[in-house]
Amino acid sequence: MDSLQQRSSTVQEPLAGSAYRPTPPPSWRPRTDPAPLLPDAEPLRVLGTDAVADADPALLRRLYAELVRGRRYNAQATALTKQGRLAVYPSTTGQEACEIAAALALEERDWLFPSYRDTLAAVARGLDPVQALTLLRGDWHTGYDPREHRIAPLCTPLATQLPHAVGLAHAARLKGDDVVALAMVGDGGTSEGDFHEALNFAAVWQAPVVFLVQNNGFAISVPLAKQTAAPSLAHKAVGYGMPGRLVDGNDAVAVHQVLTEAVARARRGGGPTLVEAITYRIDAHTNADDATRYRADGEVEAWRAHDPVLLLERELTARGLLDEEGRRAAAEAAETMAAELRERMNADPVLDPMDLFTHVYAEQTAQLREQAAQLRAELEAEDESR
C-alpha cells in the first residue's frame, strides 16, 4: 500500500529538485489561430435580407429554373421506382438548393464528387438525366464517363468519395492544373472515418477541395443529435485547420454565394473549406424507407414552409423578376424534361454482357482478357444453339 501511495504522489507532485511546469513550455503555441476558422453563430441567409439586392438577376432566374426542374426530376424519378423502372431512388426534394448551387458554383474544368443522393447535382452540371439514373436501375457501371463530365461516380458507400476528391485535387495541383474538387456528403457521412481522413489530408496538403455537408437532419432514421454533440458540423472544420461555413441550405442564393467563395479560395491556393448547409429531406430516405416511423408530420410541414423553390419564387416575384409567364415557362420546361425521362426510362435497355469488362482497368489485365474471352465463347455458343 505504501508503495502504491508513493507512486501516486509521484504523478501528482514534482520530484524533489526538478522544475515543475504546470503548463507547456513558452515555445508552445497553436498551429493555427482558431478564431477566423469558426463558423458564424447563425446560418448565412440572403433571401429576405438586404443582401439579395446585390445578387445578379440572371443568376436568380437561372437558379429558379433549375430548382423547378429539379423538383420535377425528383417527383418523376420517385414515380419510376413505383413503376419498377428504378430499383431505388434517394430523393432530394427539399434539398434542391444545395444540389443546384453545388453544380453552378463550379467551372467546367472542376470536378464534382457526389454521393448516391446527388443525382440532381449531376444533372444540373449537364449530365444526361437518364445516365444519372443508370446506376440506380442496376444497369451498366456508373452510367457515364466520369472523365468526360468531370463528375465522379455516384457514390453509394458513405463518404468514400471524400478522400478521392482530396486525392484528385492534390494531384491536380501537383501537375499545375487549375482545378477544384467539390465533394458532397450527408450528415450521416460525417460519422464515417473517411470523412475525418479526407479533411485531415486536405488541410495538411492545403488541397483545393470544398466539402459540402447537406445536413438534412437524419442519417436514415438516426437524428443528428445521436451522431454528434458538436455545436454544428461546420465547427468540426476547426479541428483540422480549415474554415467552417454555416449556411441556410434552402436559400439557393446563399448556398451559391458560400460555395462560390469557397471554390475561389481553393483555386487561389487558400486550401479547403467545410460548408454545412442546413436543409431537410422532405421525402423518405429512399422509396424503401418509412419516414413516419421516426419523425412527426408536424416537423415535415414546418420545413415545407421553408421550401427552397417557394423561397426563391417569392423573392423573384417581389422584385419584379418573375411573373406568371416566367413561372409557366419554367414549369413547362420541367415537364418536357420529365416526359422525355419517362419515355426513355420506359424503354427496356439493350444489355451487352461484354460491358462487364469495360472501364474496369485502363488496360485490361491478362486475367480480365481471359475471362472476357471465355464469356465471349459462351455467348457465341449460345447463339449457335438457337
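The structure displayed is predicted, hence computed values, not measured ones. (Residues numbered from 1 in each chain as written. Predicted model: local features only at pLDDT ≥ 70, side-chain atom pairs only at ≥ 80, totals over all residues. Heavy atoms only, no water.)

**Concerning the nonpolar core**
Across soluble globular proteins, you tend to see nonpolar side chains buried next to one another.
Next, step 1: Core analysis: the largest hydrophobic core is formed by 65 residues, its most contacted members being Tyr 73, Leu 133, Leu 182, Leu 259 and Leu 312.
Next, step 2: Per-element tally for this core: the top contributor is helix H9 (residues 252-267), with nine residues.
Next, step 3: Contacts of Leu 133, omitting those with residues within four sequence positions, involve Tyr 73, Ala 77, Leu 80, Leu 86, Tyr 89, Leu 341 and Met 345.
Next, step 4: Within the second largest apolar cluster, 26 residues are counted, among which are Phe 113, Ala 181, Ala 207 and Leu 233. (Core = buried A, V, L, I, M, F, W, Y, C linked by side-chain atoms within 4.5 Å. Buried < 20%, exposed > 50% of the residue type's maximum accessible area, 1.4 Å probe, protein only. Helix = DSSP H or I, 4+ residues; strand = E, 2+ residues; numbered from the N terminus. Contact = heavy atoms within 4.5 Å.)

**Section: empty space enclosed by the protein**
Next, step 1: According to the stated counting rule, one finds one cavity of 30 Å³ or more in the structure shown.
Next, step 2: Computed from the structure, the largest cavity encloses a volume of approximately 40 Å³.
Next, step 3: Around the largest cavity, the lining residues are Gly 94, Asn 250, Tyr 280, Ile 282, Trp 303, Arg 304, Asp 307 and Pro 308.
Next, step 4: Here the residues of the lining of the largest cavity sort into four nonpolar, two polar and two charged. (1 Å grid on protein atoms, 1.4 Å probe; cavity = no way out; pocket = protein on both sides within 12 Å on 5 of 7 lines; lining within 4 Å. Points joined across faces, edges and corners; volume = space filled by probe spheres on them. Nonpolar A, V, L, I, M, F, W, Y, C, P; charged D, E, K, R; others polar.)

**A few points about the layout of surface pockets**
Next, step 1: In this structure, the largest pocket spans a volume of roughly 390 Å³.
Next, step 2: Considering the residues around the largest pocket, the lining is formed by 15 residues, among which Asp 145, Pro 146, Arg 147, Pro 153 and His 359 are closest to the centre.
Next, step 3: Here the lining of the largest pocket is built from residues that sort into 10 nonpolar, three polar and two charged.
Next, step 4: Along its surface, the second largest pocket is lined by 18 residues, and Tyr 116, Arg 117, Leu 158, Gly 186 and His 285 are the ones closest to its centre.

**Points about the confidence of the model for the protein chain**
Next, step 1: In this model, the protein chain carries a mean pLDDT of 92, and residues with pLDDT of at least 70 account for 94%.
Next, step 2: Per-residue pLDDT stays below 50 along residues 3-12; that stretch engages in one contact with residues further than four places along the chain or on separate chains. (pLDDT = per-residue confidence, 0-100.)

**Here's the deal with a nonpolar patch on the surface**
Next, step 1: A grouping of Phe 201, Val 204 and Trp 205 is seen on the molecular surface, where their side chains present a nonpolar patch of about 300 Å² in accessible area.
Next, step 2: Summarising the element assignment, Phe 201 is placed in helix H8 (residues 193-205).
Next, step 3: Residue class for Phe 201 comes out partly exposed when judged on its relative accessible area of 42%. (Patch = residues over 30% accessible without salt bridge, like charges linked within 9 Å, V, L, I, M, F, W, Y side chains within 5 Å. Areas by Shrake-Rupley, 256 points an atom, 1.4 Å probe, with all protein chains shown as cover. Salt bridge = Lys/Arg side-chain N within 4 Å of Asp/Glu carboxyl O.)

**Examining the pairing of strand S6 (residues 244-248)**
Next, step 1: For S6, the tally of buried residues reaches four of five residues, placing the bulk of the element in the interior.
Next, step 2: For S6 and strand S7 (residues 273-278), the ladder comprises five bridges, and the chain directions are parallel. Across the sheet, the residue bridging to Arg 245 is Val 275, located in S7.
Next, step 3: Crossover connection from S6 via H9 to parallel S7: handedness right-handed. (Pairing = 2+ DSSP bridges. Right-handed = clockwise from strand over helix to strand, strands pointing away.)

**Re the packing of helix H7 (residues 161-175) against H8**
Next, step 1: The interhelical angle for the contact between H7 and H8, taken along N-to-C directions, is 15°, at an axis separation of 8 Å. As judged from the angle between their axes, H7 and H8 are roughly parallel. When you trace H7 past H8, the crossing you get is left-handed. The segment H7 lies against H8, with Leu 162, Pro 163, Val 166, His 170 and Arg 173 engaging Asp 194, Phe 195, Ala 198, Phe 201, Ala 202 and Trp 205.
Next, step 2: Among the residues forming the contact of H7 with H8, the class breakdown is eight nonpolar, one polar and two charged. (Axes fitted to C-alpha atoms, helices over the stretch in contact; angles between N-to-C directions. Parallel < 35°, antiparallel > 145°, perpendicular 65-115°, else oblique. Left-handed = near helix turned anticlockwise from the far one by under 90°.)

**Quick look at the pattern of salt bridges**
Next, step 1: Taken as a whole, this structure holds 18 salt bridges when the rule is applied.
Next, step 2: In this structure, Arg 327 and Glu 324 form a salt bridge, with 3.3 Å as the shortest nitrogen-oxygen distance. Separated by three residues within a single helix, Arg 327 and Glu 324 lie in helix H12 (residues 324-345), roughly one turn from each other.
Next, step 3: Judged by relative accessible area, Glu 324 falls into the partly exposed class, the value being 48%.
Next, step 4: Residues joined in a network through salt bridges with shared partners are Arg 109, Asp 110, Asp 178 and Arg 267.

**Digging into unusual backbone geometry**
Next, step 1: Although it is not a glycine, Ala 159 sits at a positive phi angle of roughly 70°.
Next, step 2: One can find Ala 159 in the loop between helix H6 (146-149) and H7.
Next, step 3: On the accessibility criterion, Ala 159 (2% relative accessible area) is buried.
Next, step 4: At Ile 220, a position not held by glycine, the phi torsion is positive, near 55°.
Next, step 5: Counting through the fold element by element, Ile 220 comes out in the loop between strand S4 (218-219) and strand S5 (222-223).

**Digging into the packing of aromatic side chains**
We describe a pair of aromatic rings using the distance from one ring centre to the other and the angle between the two ring planes.
Next, step 1: Going through the model one piece at a time under the given rule, you end up with five aromatic pairs.
Next, step 2: Both rings, one in Phe 201 and one in Trp 205, keep their centres 4.9 Å apart while their planes meet at 35°; by these two values the pair is tilted. Residue Phe 201 and its partner Trp 205 are located together in helix H8, separated by four residues, close to a single helical turn.
Next, step 3: By relative accessible area, which is 33% here, Trp 205 ends up partly exposed. (Phe/Tyr/Trp six-rings, centres within 6.5 Å; stacked < 30°, edge-to-face > 60°.)

**Some words on helix H11 (residues 308-318)**
Next, step 1: The set of residues buried in H11 consists of Pro 308, Val 309, Leu 311, Leu 312, Glu 315 and Leu 316. For H11, the arc enclosing every buried residue in end-on projection is 165°, short of the 170-degree limit, so these residues lie on one face.
Next, step 2: Looking at the buried positions of H11, the neighbouring elements they touch are helix H2 (57-82), helix H3 (96-104) and H9.
Next, step 3: You can read the cap of H11 off the contacts: a side-chain oxygen lies 2.8 Å from the backbone nitrogen of Val 309, and it is on Asp 307.
Next, step 4: Gly 320 sits one or two positions beyond H11 and adopts a positive phi of about 75°. (Arc of directions from axis to C-beta. Polar contact = N/O pair within 3.5 Å; in protein donor to acceptor, adjacent residues only side chain to side chain.)

**A closer look at the sheet that holds strand S3 (residues 209-215)**
Two modes of strand pairing occur in sheets, parallel and antiparallel, and in both the strands are linked by backbone hydrogen bonds.
Next, step 1: In space, the five strands of this open sheet follow the order S1-S2-S3-S7-S6, with parallel pairing throughout. Each having just a single partner strand, strand S1 (111-113) and S6 make up the two edges of the open sheet. Averaged over neighbouring strand pairs, the angle between their axes works out to 20° when direction is ignored.
Next, step 2: Pairing of strand S2 (residues 181-186) with S3 involves six bridges; the strand directions are parallel. Paired with Gly 186 across the bridge in S3 is Gln 214.
Next, step 3: The strands that H7 touches are S1, S2 and S3; relative to S2, the one it contacts most, it runs at about 170°.
Next, step 4: Against the sheet, H8 contacts S3 and S7, and its axis sits at roughly 150° relative to S3.

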